[in-house]
Amino acid sequence: MELETKVLSKELQQYLYDNGLTIGTAESCTGGRIAEAIIAVPGASEYFKGGIVSYTNEVKENLLHVSHETLEEKTAVCEEVAQQMVIGACETLRVDYALAATGVAGPTGGTPDIPVGTIWLACGNKDDVRTMKLDKDFGRDINLAIATNQSLRLFLDYMKEKTGKTVG
């Protein structure tokens, strides 16, 4: 795991642990990499409850309560699905906050409307979700590494904005 990921994970740990908060993940294209980054720091069991790898729409619907209509109308790679994944993870895992990722990491699977490299990230709680769209293709491995780090950074920025405190 690269240094940047470890630094971000440590910052996340300090904030969650110090404030007695819990977190979980709902991942599609990242396949558990965000959860792996979170647990890379010793003591993660104090605040990380678990993750759901929802690689299929069926799992997104059944475990994360993502709307079937949204998946049908907009596909799994859209802002609304990422938002619903966060809310669903908070409910299913019973955590204070969740991180989510859904997208097309490549090298295949893209369409003219949703090209390879399109990844929606989301974080938040059941009442307030923030999103970020990645839209550049650097190849599968780099796309997934960027999505993992950007997901952690998105959450840290979200917490800083919510609390007015610097995280870390």
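Structure shown above.
Residues numbered from 1 in each chain as written. Predicted model: local features only at pLDDT ≥ 70, side-chain atom pairs only at ≥ 80, totals over all residues. Heavy atoms only, no water.

J.: Before we go on, may I ask you to explain unusual backbone geometry in this structure?
T.: Glycine aside, negative phi is the norm for most residues, and most peptide bonds take the trans geometry. With omega at 5°, the peptide bond leading from Gly 106 into Pro 107 counts as cis. Inspection of the secondary structure puts Pro 107 in the loop between β3 (97-103) and β4 (118-125). Here Arg 94, not a glycine, exhibits a phi torsion of approximately 55°, which is positive. (Helix = DSSP H or I, 4+ residues; strand = E, 2+ residues; numbered from the N terminus.)

J.: Sorry, what's going on with helix α6 (residues 140-163) here?
T.: Because an α-helix completes one turn every 3.6 residues, residues spaced three or four positions apart along the sequence face the same direction. Helix length check: α6 (24 residues) gives 35 Å between terminal C-alpha atoms against 34 Å at 1.5 Å per residue, within 8%. Residues Asn 143, Leu 144, Ala 147, Thr 148, Asn 149, Ser 151, Leu 152, Leu 154, Phe 155, Leu 156, Tyr 158 and Met 159 constitute the buried set of α6. At its buried positions, α6 is contacted by α1 (3-19), β1 (23-27), α2 (33-39), β3, β4 and β5 (128-135). Just past α6, the residue Gly 164 takes up positive phi, approximately 75°. (Expected span 1.5 Å × (residues − 1). Buried < 20%, exposed > 50% of the residue type's maximum accessible area, 1.4 Å probe, protein only. Contact = heavy atoms within 4.5 Å.)

J.: Would you mind showing me how to read the pairing of β4 here?
T.: For a regular strand, side-chain orientation follows a simple rule: the groups alternate between the two sheet faces. The buried count for β4 comes to eight of eight residues, which makes it a mostly enclosed element. The two faces of β4 match: Thr 118, Trp 120, Ala 122 and Gly 124 on one face and Ile 119, Leu 121, Cys 123 and Asn 125 on the other face are all buried. One ladder, built from six bridges, connects β3 with β4; its direction is antiparallel. Along β4, the bridge assignment pairs Thr 102 with Trp 120. (Pairing = 2+ DSSP bridges.)

Any functional reading would require information beyond the geometric quantities listed.
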